[in-house]
Amino acid sequence: MGADSIRRAAAILLVMLAGAAPWWAGNGAQASASANDAMVATIAAARERAAANDPRLKPALRFEEGGWIYLHLEGEPDAMGYQHGYLLGPEIEDGFAAVSAGMTHSTKRDWEFFRKAAKEMLWLKIDAEYQQELQGIVEGLRARTGSKLDVYDIVAFNAFEELPDYYVPWLDKQQKTPNAPNLKSPGNCSAFVATGSWTKDGQIVIAHNNWTSYKNGERWRIVFDIAPKNGYRMLMDGFPGVIASDDDFGINSDGLMVTETTITQFEGWDPNGKAEFVRARKALQYAGSIDEYTKIMLDGNNGGYANDWLLGDRKTGEIAQLELGLKAHKLWRTKDGVLSGSNWARDPKVLKEDTPKFDPNNKESSPNARRARWEELLKENKGKIDVALAEKMLGDHTDTAEKKEEANERTLCGHVDGSPRGIKEWDWEPYYPGGAVQGKATDSTMAKEMRIVARMGHPCGGDFLAKPFLAAHPEYAWQEPYLRDMKAGPWTEFRSGQASKE
Ligand SMILES: [Zn+2]
């Protein structure tokens, strides 16, 4: 049977099932229920078989290694979307459930609100190729799991870093929403990029660990190898169902090396702008220089998920920091230096206009304590920095505020679940189950060969265990359906075009 006839057969089965449903419902016997289950399973299997024969899947590949899922996507935008939706179907369903629960919980808005924002505010400003890719994800996902999610669900989900913490607080202020939740923009990640006399052999070294809730972070375990029809080849980490890296760490085949840390206590949103997840994906796909990267990020800047972008161009050895506020922004660049990030803004104009509540002088806050640690750690290691050292730095547990070794909210490798203080700047309550959830690093030589190293879980190698945590902290019981153990994997190398475990 060809793919089309299998699809037809599956459709006929579906019609039969729909027609028979009232009969089963009327009898309600256990035998009928199991007959129903068997029928559903048969249909699901037929649907999967049909979809698995789809020629669009042919160039795609998936394998697992070191706690990561490696996914190769290739071709036209809709085909890449289909591959993504199909090969990560179960992970997308699972990730969507965890992320959407967090979005509705924190904002006190229902999911329909986010769908409406996706449809009415974001969709029309998404470039045609990414609209096609997002639609492809829906099609692949439905073929694989029978999911009911549509493209507006997937767009709202892709915007999970920008809608709840940028758009909603802006809207609450506009509409003077009574009892509006105290939403704060996230402040996630520790990162640096170094070049010239700072590194062991003068080349660029770039490294990043992703700070987020363990609920989401444990699922942030995809290595995407993307070979699009147009633009550059990309290798990046990412989240199932999301088209941008989103935490962000990626390299492209024209020499760009990209990461970021989020700007703490950022305020602002432009409803007429272009979604950040679209600009970030586009910049990694099409920018061949620091200038081009900056231009794409500024085009339609909506203020969402405002970051300090750390960039490197292995062709020139130059590195840069793009502090991308909404009202203000600033670009620093150098061929001999180091730039670090831990969620603080530094341009006086950005500080004044975009982060008016952020206190850059409070040495006890997580962003500033980590900033001090980066400064001392990078200075101590000037001229010695390489990827192996970067891996160690991402797992660092020195608390500069209390001048001691203790994994907590102020260390480069964050463990906020152990902190009685939490992080008030991000509205993370005491013992919030969040922190550094994975790490990545690369250098110019590796980037030329499209290689990165990555470690799932805390970059120090420590494990987070959900059950004892929830027993000790019942205030986080609402996360119980989604919160899982986050066990650290080994540092693992991935490269573009990798066939399987090597
Ligand atoms: Zn750690």
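Nothing here was measured: the structure is a model prediction, and the numbers come from that model.

**Quick word on the pairing of strand 16 (residues 451–456)**
Part 1 of the reasoning: For strand 16, the buried fraction is high: 6 of the 6 residues fall into the buried class.
Part 2 of the reasoning: Across 4 bridges, strand 15 (residues 434–443) lies against strand 16 in antiparallel orientation. When the bridges of strand 16 are listed, Gly439 appears paired with Arg455.
Part 3 of the reasoning: Relative to strand 17 (residues 492–495), strand 16 runs antiparallel, the two being bridged by 4 bridges. When the sheet's bridge partners are listed, Ile452 is paired in strand 17 with Phe494.

**Regarding the layout of surface pockets**
Part 1 of the reasoning: As a volume, the largest pocket reaches approximately 710 Å³.
Part 2 of the reasoning: Contributing to the lining of the largest pocket are 30 residues, with Gly102, Ser106, Asp165, Trp428 and Tyr432 lying nearest its centre.
Part 3 of the reasoning: When residues of the lining of the largest pocket are traced back to their parent elements, those giving at least two are helix 4 (89–107), helix 8 (163–175), strand 4 (205–213) and helix 9 (214–217).
Part 4 of the reasoning: No other element matches helix 4, which puts 5 residues into the lining of the largest pocket.
Part 5 of the reasoning: Per-class residue counts for the lining of the largest pocket are 12 nonpolar, 10 polar and 8 charged.
Part 6 of the reasoning: What the second largest pocket holds in volume is close to 520 Å³.
Part 7 of the reasoning: Along the walls of the second largest pocket sit 21 residues, with Pro169, Lys173, Leu183, Glu267 and Lys357 positioned nearest its centre.
Part 8 of the reasoning: Per-element tally for the lining of the second largest pocket: the top contributor is helix 8, with 7 residues.

**Overview of helix 10 (residues 276–286)**
Part 1 of the reasoning: The buried fraction of helix 10 is high, at 9 of 11 residues.
Part 2 of the reasoning: Of the positions making up helix 10, those classed as buried are Glu276, Phe277, Val278, Arg279, Ala280, Arg281, Ala283, Leu284 and Gln285.

**Some remarks on the coordination of the zinc ion**
Put simply, the ideal angle at a metal is 109.5 degrees for four donors in tetrahedral geometry and 90 or 180 degrees for six donors in octahedral geometry.
Part 1 of the reasoning: Around the zinc ion, the donor atoms from the protein are His397 (NE2), Cys413 (SG), His415 (NE2) and Cys460 (SG), and they sit 2.0 to 2.3 Å away.
Part 2 of the reasoning: Relative to the metal, the 4 donor atoms surrounding the zinc ion lie at angles of 103 to 116°, and the coordination shape comes out tetrahedral.
Part 3 of the reasoning: A relative accessible area of 12% places His415 in the buried class.

**Let's talk about the confidence of the model for the chain**
Part 1 of the reasoning: On average, the chain scores 93 in pLDDT, and the residues at 70 or more come to 93%.
Part 2 of the reasoning: Predicted confidence is poor over residues 1–28, with pLDDT under 50, and the contacts of this stretch with residues over four places away or in other chains come to 23 contacts.

**As for the nonpolar core**
Part 1 of the reasoning: Leu163 and Phe277 are the most contacted members of the largest nonpolar core, which has 84 residues in total.
Part 2 of the reasoning: In terms of residues, this core owes the most to one element, helix 5 (residues 111–122), which gives 7 residues.
Part 3 of the reasoning: Leaving out residues up to four positions away in the same chain, Phe277 has contacts with Ile126, Leu134, Val155, Asn158, Ala159, Glu162, Ile243, Ala244 and Asp246.
Part 4 of the reasoning: The next biggest cluster of nonpolar side chains, apart from the first, holds 21 residues, and it includes Ala191, Ile251, Ile319 and Ala447.

**Some details on the sheet that holds strand 8 (residues 256–262)**
Part 1 of the reasoning: Strand order in the open sheet formed by 9 strands is 1-2-5-6-7-8-9-10-11, with mixed pairing between adjacent strands. One side of each edge strand has no neighbouring strand; the edge strands of this open sheet are strand 1 (61–65) and strand 11 (329–334). The average angle at which neighbouring strand axes cross in this sheet is 15°, direction not considered.
Part 2 of the reasoning: As paired strands, strand 5 (residues 222–228) and strand 6 (residues 234–238) are joined by 5 bridges and run antiparallel to one another. Bridge pairing links Asp225 to Leu235 in strand 6.
Part 3 of the reasoning: Each of strand 1, strand 2 (68–75) and strand 5 touches helix 3 (residues 77–87); the most contacted strand, strand 2, lies at about 155° to it.

**Section: the sheet that holds strand 17**
Part 1 of the reasoning: Sheet architecture is open: 6 strands sit in the order 12-3-4-15-16-17, paired in antiparallel fashion. The open sheet terminates on both sides in strands that have one partner only, identified here as strand 12 (337–341) and strand 17. The average angle at which neighbouring strand axes cross in this sheet is 20°, direction not considered.

Rules used in this analysis
Residues numbered from 1 in each chain as written. Predicted model: local features only at pLDDT ≥ 70, side-chain atom pairs only at ≥ 80, totals over all residues. Heavy atoms only, no water. Buried < 20%, exposed > 50% of the residue type's maximum accessible area, 1.4 Å probe, protein only. Helix = DSSP H or I, 4+ residues; strand = E, 2+ residues; numbered from the N terminus. Pairing = 2+ DSSP bridges. 1 Å grid on protein atoms, 1.4 Å probe; cavity = no way out; pocket = protein on both sides within 12 Å on 5 of 7 lines; lining within 4 Å. Points joined across faces, edges and corners; volume = space filled by probe spheres on them. Nonpolar A, V, L, I, M, F, W, Y, C, P; charged D, E, K, R; others polar. Donors = N, O, S within 2.8 Å, 3.2 Å for Na, K, Ca; no water. Tetrahedral: all angles 85-135°; square planar, octahedral: opposite > 155°, others 65-115°. pLDDT = per-residue confidence, 0-100. Contact = heavy atoms within 4.5 Å. Core = buried A, V, L, I, M, F, W, Y, C linked by side-chain atoms within 4.5 Å. Axes fitted to C-alpha atoms, helices over the stretch in contact; angles between N-to-C directions.

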